[in-house]
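Residues per chain, in single letters:
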Amino acid sequence: MVSRINWRAILSTTFVVLFAFGCAKTPILQNSTTKTIFFSTKDFRFYDLGFVKSYPNYTSLEIFNAGTALLKMDCYKDKICLNGECYAKDSIVRKFFGSDTFRELDFQVVLKGQEIFSGENKVRIQNGFLQIIMREGLELNYSTTQDSITLEVKNLEKKTIFSLQIH
């Protein structure tokens, strides 16, 4: 008897196996929205279109200019990765704000437009809420509506040291 090899079945099975295992490591994108983003620190200032993407374990802010990635900020519960380099959340807060005052700030929650610091000083506004929190010489202003998210941190002299606006 001559055994026949069903190449079509072998190729189909190989394709399914490679596709399934090849994509297994890719995080599942839950949501992606194009937004106008203003991002300002003492070292970086940007105002253009970008993306806010939600994955099961993190949220990402991607900023592009002329098709070139300027910033990719992946926000996890305990760390933040900037352009592929990961840092403890405390060190990023220190870098952005110049102090550890708001080290518990969860940027993943901010990018989703949810309340921060367990709703501390939360005031309802039309289509959203506002939180103004003063600590150790810094003022944090955070507001969300159905169309925008704004986070600003100022020092006592009212000089803005960090601003993120997503519309």
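Data block above holds the structure.
Residues numbered from 1 in each chain as written. Predicted model: local features only at pLDDT ≥ 70, side-chain atom pairs only at ≥ 80, totals over all residues. Heavy atoms only, no water.

(A) Highlighting the overall build of the protein chain. The secondary structure content of the protein chain amounts to three helices and 11 strands. Ordered by position from N to C terminus, the α and β elements of the protein chain give α-β-β-β-β-β-β-α-α-β-β-β-β-β. Expressed as a percentage of the 167 residues in the protein chain, the buried residues total 39%. Put simply, 33% of the contacts in the protein chain that link residues at least 6 apart link residues at least 24 apart. (Helix = DSSP H or I, 4+ residues; strand = E, 2+ residues; numbered from the N terminus. Buried < 20%, exposed > 50% of the residue type's maximum accessible area, 1.4 Å probe, protein only. Contact = heavy atoms within 4.5 Å.)

(B) Structural context of unusual backbone geometry. Despite not being glycine, N83 shows a phi value in the positive range, around 50 degrees. Along the polypeptide, N83 turns up in the loop between strand 5 (79–82) and strand 6 (85–88). A positive phi angle is found at N121, which is not glycine, with a value near 55 degrees. Position of N121 among the secondary structure elements: in the loop between helix 3 (107–112) and strand 7 (122–125).

(C) How the structure looks around the state of the cysteines. One pass over the structure, following the stated rule, counts one disulfide. At a sulfur-sulfur separation of 2.0 Å, the disulfide partner of C81 is C86. Disulfide C81-C86: the torsion about the S-S bond is 95 degrees, which places it as right-handed. Relative accessible area serves as the criterion here: at 5%, C81 is assigned to the buried category. Here C86 falls in the partly exposed class, since its relative accessible area comes to 43%. The thiol sulfur of C75 is not disulfide-bonded, and the nearest other cysteine sulfur, from C81, lies at 8.8 Å. Residue C75 is classed as buried on the basis of its relative accessible area, which comes to 0%. (Disulfide = S-S within 2.5 Å.)

(D) How the structure looks around the nonpolar core. Of all hydrophobic cores here, the largest spans 34 residues; its most connected members are F39, M73, L105, F107, L140 and L164. Ignoring any residue separated from it by four or fewer positions in sequence, one finds M73 in contact with F39, T59, S60, L61, I80, C81, L82, F96 and F107. (Core = buried A, V, L, I, M, F, W, Y, C linked by side-chain atoms within 4.5 Å.)

(E) Fine view of the pairing of strand 10 (residues 149–155). Extensive coverage of strand 10 is indicated by the burial of seven of its seven residues. Across the two faces of strand 10 the burial is the same, with I149, L151, V153 and N155 and T150, E152 and K154 all buried. As paired strands, strand 9 (residues 138–145) and strand 10 are joined by seven bridges and run antiparallel to one another. By the bridge assignment, Y142 is partnered in strand 10 with L151. Between strand 9 and strand 10, which pair antiparallel one after the other, the connecting turn spans three residues. Relative to strand 11 (residues 160–166), strand 10 runs antiparallel, the two being bridged by six bridges. Across the sheet, the residue bridging to E152 is S163, located in strand 11. (Pairing = 2+ DSSP bridges.)

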